[in-house]
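Structural overview for review
What follows is each chain in one-letter form.
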Amino acid sequence: MGSCRNGVVSGGSNGEIGGGPTVDKGVDFANYFCTYAFLYHQKEMLSDRVRMDAYFNAIFENKHHFQGKTVLDVGTGSGILAIWSAQAGAKKVYAVEATKMSEHARTLIKANNLDHVVEVIEGSIEDVSLPEKVDVIISEWMGYFLLRESMFDSVICARDRWLKPTGVMYPSHARMWMAPIRSSLGDQKRNDYEGSMDEWYRFVQDTKTSYGVNMSVLTKPFSEEQKKYYLQTSLWSNLHPHQVIGTAAIVKEIDCSTATVNDVLEVRSNLLSSITGERTRLCGFGGWFDVHFRGSKVDPAQKEIELTTAPSMDDSTHWGQQVFLLHPPIHVSEGDDLNVSFSMNRSKENHRLMEIELSCDIRQSSGNILPPFSNRFYIE
Ligand SMILES: C[S@@+](CC[C@H](N)C(=O)[O-])C[C@H]1O[C@@H](n2cnc3c(N)ncnc32)[C@H](O)[C@@H]1O
């Protein structure tokens with residue numbers, strides 16, 4: 001089938017992403033889906049207690065959304081959300097999974113005596129056909145900094161095709177956040193970059209001496225490649241809340257019941273943040289997300305649940321935070337105001353990866369304005 005406009009794949013072996021380039025399904029499988037076919041990877045998600053508790057509580061504290069209802073689990077993986085939906089009283093659960101993990105899900109569901117309720121369907125959600133519309137769509141689609149992986153496109157596709165007009169989305173809302181941070185990672189990455197360039201210069205010298213070829217013409221592209229890798233690629237980090245040195249700002253808010261692919265193709269935002277710490281170094285920015293389970297306007301949650309991936313001492317998640325480092329860091333003081341202009345687009349080579357442009361003006365508490373800076377980052 002595959003009739004989704006703006007889905008990742010619109011049918012056949014290739015497809016269009018909303019307004020973007022054609023996606024080769026085989027390449028997408030090799031680059032993206034393949035890791036989800038491994039139990040070690042599913043186990044990593046199943047061991048994330050913050051994630052698990054949030055979905056578990058969202059379902060079992062809101063059983064009225066599930067009892068006697070039909071549910072679609074988009075990207076069921078091991079089948080965990082489908083199992084909980086059935087245990088909460090769903091009359092029928094369609095559990096769709098693109099990879100061979102579907103076979104493990106089927107085994108697990110049978111072993112838990114829920115195979116009379118949960119039907120596992122192997123295939124891309126864009127391609128499968130269900131016999132009916134559903135009351136609930138549940139999915140754990142969030143990637144690093146929310147939108148990496150672009151899996152929300154698939155949830156939108158499922159919603160537009162299979163959710164009843166009265167249906168409920170789990171989760172129902174999502175937000176991206178950003179805040180200025182201090183970190184020693186920047187010094188480390190700068191050293192790594194410089195070490196790599198020193199090694200390159202030795203290599204150029206050796207190649208000339210030993211083999212009579214001068215490689216120095218490749219120094220600039222090599223340096224650019226290494227800069228991208230060491231200095232411009234965002235880092236996964238589990239930030240301590242003390243590393244956040246200013247107010248956090250919302251970058252993007254998404255209503256999962258109404259958002260379109262176009263709404264998330266590009267994220268553009270102007271953010272204001274004030275430095276709250278004493279004199280310190282602005283080493284970069286941390287990005288994270290939260291999602292909420294609120295039900296819908298006509299059928300609200302009895303108990304709203306939040307899943308946050310914000311810096312935390314006790315409640316860290318496998319998503320951690322994405323760190324965007326500044327080279328060199330900038331000295332800032334309490335009361336300095338940062339005016340950040342942020343934009344995030346999908347990488348042209350791989351629509352599941354992101355490219356970010358971030359520029360920033362700093363107005364010091366004295367009224368002095370520091371020269372603005374601008375950086376490009378990659379979420380790989
Ligand atoms: C983040 S995992 C979540 C797995 C499981 N729902 C859980 O919460 O533990 C996302 C899963 O969705 C699957 N998936 C991603 N895009 C899909 C699509 N378009 N159609 C079907 N499955 C998809 C992946 O293979 C992966 O197993």
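Source: prediction; values computed, not measured. (Residues numbered from 1 in each chain as written. Predicted model: local features only at pLDDT ≥ 70, side-chain atom pairs only at ≥ 80, totals over all residues. Heavy atoms only, no water.)

Taken together, the four strands give an open sheet; going across it, the order is β11-β15-β16-β17, and neighbouring strands pair in antiparallel fashion. With one partner strand each, in any of the chains shown, β11 (266-274) and β17 (369-379) form the two edges of the open sheet. Taken pair by pair, the neighbouring strands of this sheet meet at an average axis angle of 15 degrees, ignoring direction. (Pairing = 2+ DSSP bridges. Helix = DSSP H or I, 4+ residues; strand = E, 2+ residues; numbered from the N terminus. Axes fitted to C-alpha atoms, helices over the stretch in contact; angles between N-to-C directions.)

What follows is about the site of the ligand. Taken together, 21 residues surround the ligand, and among them Arg51, Gly75, Glu97, Ile125 and Glu126 come closest. One of the backbone nitrogen or oxygen atoms of Gly75 is found 2.9 Å away from a nitrogen atom of the ligand. Within the residue set of the shell around the ligand, elements represented by two or more residues are α2 (39-46) and α4 (80-87). Classifying every residue of the shell around the ligand gives nine nonpolar, eight polar and four charged. (Near = heavy atom within 4 Å. Polar contact = N/O pair within 3.5 Å; in protein donor to acceptor, adjacent residues only side chain to side chain. Nonpolar A, V, L, I, M, F, W, Y, C, P; charged D, E, K, R; others polar.)

Before going further, it helps to spend a moment on the packing of helix α3 (residues 49-60) against α4. Contact geometry for α3 and α4: axes closest at 9 Å, N-to-C directions at 30 degrees. Considering their axes alone, α3 and α4 lie roughly parallel with respect to each other. Classified by chirality, the crossing of α4 by α3 is right-handed. Together, Arg51, Met52, Tyr55, Phe56, Ile59 and Phe60 of α3 and Ile80, Leu81, Trp84, Ser85 and Gln87 of α4 make up the contact between the two elements. Classifying every residue of the contact of α3 with α4 gives eight nonpolar, two polar and one charged. (Parallel < 35°, antiparallel > 145°, perpendicular 65-115°, else oblique. Left-handed = near helix turned anticlockwise from the far one by under 90°. Contact = heavy atoms within 4.5 Å.)

What follows is about helix α7 (residues 185-211). Residues spaced three or four apart along an α-helix point in a common direction, a consequence of the helix completing one turn every 3.6 residues. Here α7 is 27 residues long and its end C-alpha atoms lie 38 Å apart, about the 39 Å a rise of 1.5 Å per residue gives. All of the buried residues in α7 are Leu185, Gly186, Lys189, Tyr193, Ser196, Met197, Trp200, Val204 and Thr207. Contacts from the buried residues of α7 go to α8 (219-232), β9 (235-237) and β14 (321-332). At the C-terminal side of α7, Gly212 shows a positive phi close to 70 degrees. (Expected span 1.5 Å × (residues − 1). Buried < 20%, exposed > 50% of the residue type's maximum accessible area, 1.4 Å probe, protein only.)

With that settled, the discussion passes to the pairing of strand β7 (residues 163-170). One ladder, built from four bridges, connects strand β6 (residues 134-139) with β7; its direction is parallel. Bridging from a neighbouring strand, Val134 pairs with Leu163 of β7. Running through helix α6 (residues 152-162), the crossover from β6 to the neighbouring parallel element β7 is right-handed. (Right-handed = clockwise from strand over helix to strand, strands pointing away.)

A complete count under the given rule lists 17 aromatic pairs for this structure. On the numbers, 6.1 Å between centres and 80 degrees between planes, the contact of Phe145 with Phe342 is edge-to-face. With a gap of 197 residues between them, Phe145 in the loop between β6 and α6 and Phe342 in strand β15 (residues 337-346) connect regions that are remote in the sequence. Arranged with centres 5.1 Å apart and planes meeting at 80 degrees, the rings of Phe289 and Trp319 form a pair that is edge-to-face. Of this pair, Phe289 sits in strand β12 (residues 280-295) while Trp319 sits in the loop between β13 (300-308) and β14, and the two are 30 residues apart along the sequence. (Phe/Tyr/Trp six-rings, centres within 6.5 Å; stacked < 30°, edge-to-face > 60°.)

Further remarks concern the environment of Val117. Here Val117 lies in the loop between α5 (101-111) and β5 (118-122). With residues up to four places along the chain from it excluded, the contact list for Val117 reads Ala86, Ala90, Lys91, Lys92 and Val93.

Time to look at the sheet that holds β6. The five strands are arranged β5-β4-β3-β6-β7 in an open sheet whose pairing can be described as parallel. Each end of this open sheet is capped by a strand with a single partner; those strands are β5 and β7. Strand after strand, the sheet turns through a mean of 20 degrees between neighbouring axes, direction not considered. Relative to strand β4 (residues 92-97), strand β3 (residues 70-74) runs parallel, the two being bridged by five bridges. The partner of Val74 across the bridge, within β4, is Val96. In this fold α6 packs onto β3, β6 and β7, with an angle of close to 150 degrees to the strand it touches most, β7.

Right, let's talk about unusual backbone geometry for a bit. Here the residue pair Tyr170 and Pro171 is connected by a cis peptide bond, since its omega of -5 degrees sits within 30 degrees of zero. Considering the arrangement of structural elements, one finds Pro171 in the loop between β7 and β8 (173-181). Here the bond from His327 into Pro328 is cis, since omega is -5 degrees, no more than 30 degrees from zero. Locating Pro328 in the fold gives a position in strand β14. Of note, Phe145 is a non-glycine position whose phi angle comes to about 50 degrees, a positive value. Phi angles above zero are rare outside glycine, and Ser150 is one such case at about 55 degrees. Tracing the backbone through its elements, the reader meets Ser150 in the loop between β6 and α6.

So, about the confidence of the model for the protein chain. Summing up the model confidence of the protein chain, the mean pLDDT is 93 and the portion of residues at 70 or higher is 94%. Overall, residues 1-21 carries pLDDT values under 50, and its contacts beyond four positions in sequence, including any with other chains, amount to 62 contacts. Of the two predicted TM-score estimates for the complex, the pTM is 0.92 and the ipTM is 0.99. (pLDDT = per-residue confidence, 0-100.)

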